[in-house]
Amino acid sequence: MLSFVIVVAVSSVLFVNGYGPLALADRSGRLGTGEAKGRIDHAVRATMDGISPSLTYTGAEFEVEREHDLWDGEPSMGSTVTEIVTVRTVISRAKLPTLMDQVAQAWKSLGSRGVDRSDPADEIQAMRGMGHVGGETFLTFYAKEQQDSTYLVTFRAEVYGALYQPAHEYKPLSPLARTPHDSKGYVITDPVDDPYWSH
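Anyway, here's the lowdown on the structure attached to this text.

About the criteria used
Residues numbered from 1 in each chain as written. Predicted model: local features only at pLDDT ≥ 70, side-chain atom pairs only at ≥ 80, totals over all residues. Heavy atoms only, no water. Helix = DSSP H or I, 4+ residues; strand = E, 2+ residues; numbered from the N terminus. Buried < 20%, exposed > 50% of the residue type's maximum accessible area, 1.4 Å probe, protein only. Contact = heavy atoms within 4.5 Å. Expected span 1.5 Å × (residues − 1). Pairing = 2+ DSSP bridges. Phe/Tyr/Trp six-rings, centres within 6.5 Å; stacked < 30°, edge-to-face > 60°. Lys NZ or Arg CZ within 6 Å of the ring centre and 35° of its normal.

### Describing the overall build of the chain
When helices and strands are tallied, the chain shows four helices and seven strands. Ordered by position in the sequence, the α and β elements of the chain form the string α-α-α-β-β-β-α-β-β-β-β. The buried share of the chain, taken over its 199 residues, is 41%. If you take every contact in the chain between residues at least 6 apart in sequence, the share linking residues at least 24 apart comes to 65%.

Below, the structure written as structure tokens:
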């Protein structure tokens, strides 16, 4: 009787933690953490390297969204992984089209055939593209208008179908060249007034 209880308890723990029969089958063909991170990092770096003069940005953070549970209630082993970079450089209304053109060109160098742009009258200016960095990598640019008619810009690179791992598994984040840190090693997030991009 005790061995039966142990088998049931162990089976339940395995089932809940993604080691049931469907979850094990769901693992095959998924991107590993290293491959997903490599693809995303490459797309973000290519985007940032395509902008001239360079922007100052705050580095990256990762979000992981797990796919819905499988039909028998087992947790899915698939996820969507997104790297988000927030730009500290203040972008003026006059320079936003130039920035968007440079980003679109960088995405084309990653293999994006077309870049969809939002309507210029929209409150949030957005672009979407798709790079082919060892597989499909979805790219997004957001520019949110601030009270002084400047823009706060973020870039996102995303892959689908990655083997689920919590977001902390994607650390340490690779440092981006223009991510400034203070003397204690913390990332500086204060806005930057740039002679070119901010005016």
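### A word on helix α4 (residues 96-109)
Three- or four-residue spacings in an α-helix give side chains the same orientation, since the helix completes a turn every 3.6 residues. With 14 residues, α4 should cover 20 Å at 1.5 Å per step; its first-to-last C-alpha distance of 20 Å lies within 8% of that length. Those residues of α4 that sit buried are Leu96, Leu99, Met100, Gln102, Val103, Ala104, Ala106 and Trp107. Considering only its buried residues, α4 is in contact with α3 (33-49), β3 (91-92), β4 (116-117), β5 (124-132), β6 (136-145) and β7 (150-163). Just downstream of α4, glycine 111 is the residue with a positive phi angle, here 100 degrees.

### Regarding the environment of glutamate 35
Tracing the sequence through the fold places glutamate 35 in helix α3. A relative accessible area of 43% places glutamate 35 in the partly exposed class. A C-alpha to C-alpha distance of 9.9 Å links glutamate 35 and glycine 135, two positions 100 residues apart in sequence.

### Considerations on the pairing of strand β2 (residues 78-87)
Most of β2 sits out of view: nine of its ten residues are buried. Judged from the eight bridges that link them, strand β1 (residues 57-66) and β2 form a sheet pairing that is antiparallel. The partner of arginine 66 across the bridge, within β2, is serine 79. Here β2 pairs with β7 via eight bridges, running antiparallel. Note on β7: the bridge partner recorded for glycine 78 is leucine 163.

### Quick look at unusual backbone geometry
Most peptide bonds take the trans configuration, and most residues that are not glycine carry a negative phi. Omega for the bond connecting serine 52 with proline 53 falls within 30 degrees of zero, at -5 degrees, which places this linkage in the cis form. The residue proline 53 is located in the loop between α3 and β1 in this model.

### Observations regarding the packing of aromatic side chains
On inspection of all chains with the given rule, the structure shows three aromatic pairs. Note on phenylalanine 141 and phenylalanine 155: the rings are 5.5 Å apart at their centroids and 70 degrees apart in plane angle, and the pair reads as edge-to-face. With phenylalanine 141 in strand β6 and phenylalanine 155 in strand β7, this pair connects stretches of sequence that are 14 residues apart. We note that phenylalanine 141, like phenylalanine 155, is buried. Over the ring of tyrosine 164 we find arginine 66, and its NZ or CZ is 3.9 Å from the ring centre. The side chain of lysine 95 reaches across the aromatic face of tyrosine 196, ending 3.9 Å from its centre.

Scope: geometric values only; no functional claims are made or implied.
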